[in-house]
Amino acid sequence: MQPQNSLLSATGTTIFTVMSALAVQHGAINLGQGFPDYDGPEDVIDAAAAALRDGRNQYPPLTGVPELRQAVAAHNRRFYGLEADPNAEVIVTSGATEAITACLMAVLNPGDECVLIEPLYDTYLPVVKLLGAIPRLVRLSPPDWALPRADLAAAFGPKTKAILFNTPMNPTGKVFTGAELAFLADLIAKHDCYAICDEVYEHLTFDGWTHIPLMTLPGMRERCMRIGSAGKTFSLTGWKVGYITCDRSLAPNVAKAHQNLTFTTPPNLQRGVAVGLMKDDAYFAGLSTSLQARRDRLAKGLAEIGFGVLETRGSYFITTDFRPLMAPLGFNGDDVAFCRAITEEAKVTAIPVTAFYASQDAPGHYARFAFCKGEAVLDEALARLRAWVASRAGRQLTAAAG
Ligand code: PMP
Ligand code: GLN
């Protein structure tokens, strides 16, 4: 048999699926893959359920049902003062995952360079490579994940076509500052590039941090494709409804990419999401307040157990440094081994952060925990980790004494 597509053959199954399967196998609490263990708003679910029963179950329009495109435009205006024509500048996709691929397809030709920022979400790199484009990676460093401006400037050059970046950022919890975005905007304008802005966690920011879409900066409206996700904004990750806002000059190519990927997205879910995006401000504020409380609960507990807890300003995730626990635990492995050990022994699952890096030299002592879970579940996960650390550290001490 002839070899199949070499890029896909060389890509492993996504870490989220691998760790979720391991969690099921070991009966572990899954703080790995980022999905809430509670349902989204009832009115959104009711609207989608009712929509199944009113006879609009055939192919919806290619770029999305009018209700949702209008709701996306209204949401952009309400939260960011961003004006977009719902008929020419909004495209609905089957999840942000499809949106990211569609936006990359819309602008990249083989041989074009695309700047990516590590740590990065796991679909970015394979898709850029599948399109024949050349990734140029820039790395953020813990614990503050500040934008390395000189490295970023050096990554842009005459072949740069686009940058794909994520704020609020998975897995770091970073929220790009206005100054960082202004620096990025300068580079994008100077090099005549496009920006694909993965903003799926736009409403999940904490401690007064607010999300700023790059698209709202001067000169950026025509260059940005801004991506949102109903999965995150309405705690309905299984729905896979994403939405892109971009200038009318970019929208036709984005729509043609969508036409060749999925063509349309289930109409009832789109109509539910339209109801969601029109919810009052209190809903959006409540979403971040409730997640902030979950973040605080998990961060405090992990710190008490002995993890180094990095600051989370946005997203569903806390990144922890497990080095302080290594000596007491007698543990010498890397993050993959650590996440496996806590899944198998403590019965709590996390994601090894090296999964978000392209190369082997990534920092190997960070584990990502998701806090979008019920309080009792977070407490039980912490109790399990505490008991595991105590028992394993106790055995270590006994062994050392013997
Ligand atoms: N981008 C980032 C940074 C994410 O964490 C996720 C998580 N699901 C996605 C995109 C994909 O979103 P969706 O589920 O809407 O495809
Ligand atoms: N975005 C989610 C995470 O980072 C997972 C999405 C997926 O499983 N593909 O955990």
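Residues numbered from 1 in each chain as written. Chains lettered and ligands numbered in written order. Predicted model: local features only at pLDDT ≥ 70, side-chain atom pairs only at ≥ 80, totals over all residues. Heavy atoms only, no water.

J.: Can you walk me through the overall build of the chain in this structure?
T.: Along the chain, the regular secondary structure elements total 15 helices and 13 strands. The globule rule puts the C-alpha radius of gyration for 402 residues at 21 Å, and the 22 Å found for the chain is close to it. Overall, the C-alpha framework of the chain stretches about 75 × 55 × 50 Å when taken along its three principal axes. In the chain, which comprises 402 residues, the proportion classed as buried is 55%. Nonlocal contacts in the chain, meaning residues at least 24 apart in sequence, comprise 75% of its contacts between residues at least 6 apart. Total accessible area on the chain is roughly 16300 Å²; 54% of this is exposed by carbon and sulfur atoms. (Helix = DSSP H or I, 4+ residues; strand = E, 2+ residues; numbered from the N terminus. Rg over C-alpha atoms; globule rule 2.2 N^0.38 Å. Buried < 20%, exposed > 50% of the residue type's maximum accessible area, 1.4 Å probe, protein only. Contact = heavy atoms within 4.5 Å. Areas by Shrake-Rupley, 256 points an atom, 1.4 Å probe, with all protein chains shown as cover.)

J.: Would you mind showing me how to read the site of ligand 2 here?
T.: Taken together, Phe 16, Gln 33, Gly 34, Tyr 121, Asn 170, Tyr 201, Lys 232, Phe 317 and Arg 368 form the complete shell of residues around ligand 2. Taking Gln 33, its side chain carries an N or O atom lying 2.7 Å from an oxygen atom of ligand 2. In the model, an oxygen atom of ligand 2 is placed 2.7 Å from a nitrogen or oxygen of the Arg 368 side chain. Broken down by class, the residue content of the shell around ligand 2 amounts to four nonpolar, three polar and two charged. (Near = heavy atom within 4 Å. Polar contact = N/O pair within 3.5 Å; in protein donor to acceptor, adjacent residues only side chain to side chain. Nonpolar A, V, L, I, M, F, W, Y, C, P; charged D, E, K, R; others polar.)

J.: Just checking my understanding: could you explain the side chain of Glu 180 for this structure?
T.: The topology assignment puts Glu 180 in helix H8 (residues 178-190). Residue Glu 180 is classed as buried on the basis of its relative accessible area, which comes to 7%. Reaching out from Glu 180, the side chain makes a polar contact with the side chain of Lys 174 at a distance of 2.9 Å. Apart from the residues lying within four places of it in its own chain, the contact partners of Glu 180 are Ala 146, Leu 147, Arg 149, Lys 174 and Val 175.

J.: How do you make sense of the side chain of Ser 94 when you look at a structure like this?
T.: The residue Ser 94 is located in the loop between strand E2 (90-93) and helix H5 (95-107) in this model. Side-chain polar atoms of Ser 94 contact the side chain of Thr 265, separated by 2.9 Å. Residue contacts for Ser 94: discarding those within four places in its chain leaves Lys 240, Gly 242, Thr 262, Thr 264, Thr 265 and Pro 266.

J.: Teacher, can you tell me more about the sheet that holds strand E10 (residues 317-321) here?
T.: Hydrogen bonds between backbone atoms are what pair the strands of a sheet, whose relative direction is either parallel or antiparallel. Read across the sheet, four strands follow the order E9-E10-E13-E12 without closing on themselves; strand pairing throughout is antiparallel. In the strand order of this sheet, the two ends are held by strand E9 (308-309) and strand E12 (351-352), each with one partner. Pairing of E12 with strand E13 (residues 366-370) involves two bridges; the strand directions are antiparallel. Counterpart to Pro 352 in the pairing with E13 is Ala 367. (Pairing = 2+ DSSP bridges.)

J.: I would appreciate a short explanation of the packing of helix H12 (residues 281-305) against helix H15 (residues 375-401) in the present structure.
T.: Helix packing for two helices is described by the angle between their axes and how far apart those axes are. Where H12 meets H15, the axes come as close as 10 Å, and the angle between the chain directions of the two elements is 5°. Classed by the angle they form, the pair H12 and H15 counts as roughly parallel. On H15, the residues touching Arg 294, Arg 297, Leu 298, Gly 301, Leu 302, Glu 304 and Ile 305 of H12 are Glu 375, Leu 378, Asp 379, Leu 382, Leu 385, Arg 386 and Val 389. Its residues assigned to classes, the contact of H12 with H15 shows seven nonpolar, one polar and six charged. (Axes fitted to C-alpha atoms, helices over the stretch in contact; angles between N-to-C directions. Parallel < 35°, antiparallel > 145°, perpendicular 65-115°, else oblique.)

J.: Looking at this structure, I do not really get the state of the cysteines. What am I missing?
T.: A covalent bond between the sulfur atoms of two cysteines is what we call a disulfide. Going through the model one piece at a time under the given rule, you end up with zero disulfides. The thiol of Cys 193 is unpaired, and the distance to the nearest cysteine sulfur, on Cys 114, comes to 9.3 Å. Left without a disulfide partner, Cys 246 is nearest to the cysteine sulfur of Cys 103, which lies 6.5 Å away. (Disulfide = S-S within 2.5 Å.)

J.: I'm lost on helix H11 (residues 267-277) in this one. Help?
T.: For an α-helix, the turn length of 3.6 residues means that residues three or four places apart are oriented alike. For H11, a buried count of ten out of eleven residues is recorded, marking the element as mostly surrounded by other parts of the structure. Buried within H11 are the following residues: Pro 267, Asn 268, Leu 269, Gln 270, Arg 271, Gly 272, Val 273, Ala 274, Gly 276 and Leu 277. Residues of H11 that are buried sit in contact with helix H3 (42-51), helix H4 (66-80), E2, helix H9 (230-233), strand E8 (242-246) and H12.

J.: I'm lost on the environment of Gln 259 in this one. Help?
T.: Its location among the elements puts Gln 259 in helix H10 (residues 251-261). You can call Gln 259 partly exposed: its relative accessible area is 38%. For the pair Gln 259 and Ala 102, spaced 157 residues apart in the sequence, the C-alpha separation amounts to 9.1 Å.

J.: Sorry, what's going on with the UniProt feature "domain: Aminotransferase class I/classII large" (unreviewed entry) in the chain here?
T.: According to UniProt, the "domain: Aminotransferase class I/classII large" (unreviewed entry) feature falls on residues 29-385. End C-alpha atoms of residues 29-385 are separated by 11 Å, and the span's content is 41% helix alongside 16% strand. (UniProt positions renumbered as here; feature names shortened; annotations may be inferred.)

J.: Even after reading the chapter, I still don't get unusual backbone geometry, so can you show me in this structure?
T.: Excluding glycine, residues mostly carry a negative phi; peptide bonds, for their part, are mostly trans. With an omega dihedral of 5°, the bond running from Pro 142 to Pro 143 counts as a cis peptide bond. As for its placement among the helices and strands, Pro 143 is situated in the loop between strand E4 (134-139) and helix H7 (149-155). Going from Thr 167 to Pro 168, the amide bond is cis rather than trans, its omega being -15°. Checked against the element boundaries, Pro 168 lands in the loop between strand E5 (160-166) and H8. The backbone phi angle of Asp 192 is positive, close to 55°, even though this residue is not glycine. Of note, Asp 192 is situated in the loop between H8 and strand E6 (194-198). Given the relative accessible area of 53%, Asp 192 is considered exposed.

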